[in-house]
Amino acid sequence: KSAEEILKEACKTAKEQEKKVFLIFHASWCGWCHKMDKRMSLPEMKPYFDKNYVIEHIDVMEPAEKKNLETPGGVELLNKYGGGKSGIPFWLIFDENGKLVADSQMRPAGTDLSVPGENIGCPQQPKEIIAFKEVLKKTSSLTDAEIEQVGMVFSKEN
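Reading the values: rules and limits
- Residues numbered from 1 in each chain as written.
- Predicted model: local features only at pLDDT ≥ 70, side-chain atom pairs only at ≥ 80, totals over all residues.
- Heavy atoms only, no water.
- Salt bridge = Lys/Arg side-chain N within 4 Å of Asp/Glu carboxyl O.
- Helix = DSSP H or I, 4+ residues; strand = E, 2+ residues; numbered from the N terminus.
- Buried < 20%, exposed > 50% of the residue type's maximum accessible area, 1.4 Å probe, protein only.
- Disulfide = S-S within 2.5 Å.

Caption draft 1: Region of interest: the pattern of salt bridges. This model, assessed by the stated rule, comprises 10 salt bridges. Put simply, Lys51 and Glu146 hold a salt bridge, and the shortest N to O gap is 3.8 Å. Of this pair, Lys51 sits in helix α3 (residues 46–52) while Glu146 sits in helix α6 (residues 144–155), and the two are 95 residues apart along the sequence. Between Lys137 and Asp144 there is a salt bridge whose closest N-O contact spans 3.1 Å. In this structure Lys137 comes out as partly exposed when scored by relative accessible area, which is 44%.

Quick look at the structure:
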């Protein structure tokens, strides 16, 4: 499937399930990408993310010998949403109609998604955790306590 097809299908599912789409650009070689997936999939975290998001992955930036793993149109979609120079993981959150509502870039307060920011990637540093928690607060029905728990899990070293 192409990146656009993955996004379109995820939006359809999100609409049916009253969720948002959490689209993660990653690669097989990317340690931070694996760390993000691992943390989101932990038994104490997975229900939080599954309750609020349809989670999909787009493979990009693979080395020549693994180009076959890349999602067709993935790099173009990454570039379309400003992630081409940001590094991975880079993630986007869409509403059920396919409108971008958040991404993994930290921006100055009060600026909108058109202003380039610094990629959070897999949040671990304090400022990244704060920014990630703000995105979760804005895009999910998680309680403040649940969001704090997510922050604690992501701030761990391993």
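Right, picking up where we left off after that structure.
Caption draft 2: How the structure looks around the state of the cysteines. As enumerated under the stated definition, the model contains one disulfide in all. Note that Cys30 is cross-linked by a disulfide to Cys33, the S-S spacing being 2.4 Å. An S-S torsion of about 80° defines the bridge between Cys30 and Cys33 as right-handed. Note on Cys30: relative accessible area 3%, which makes it buried.

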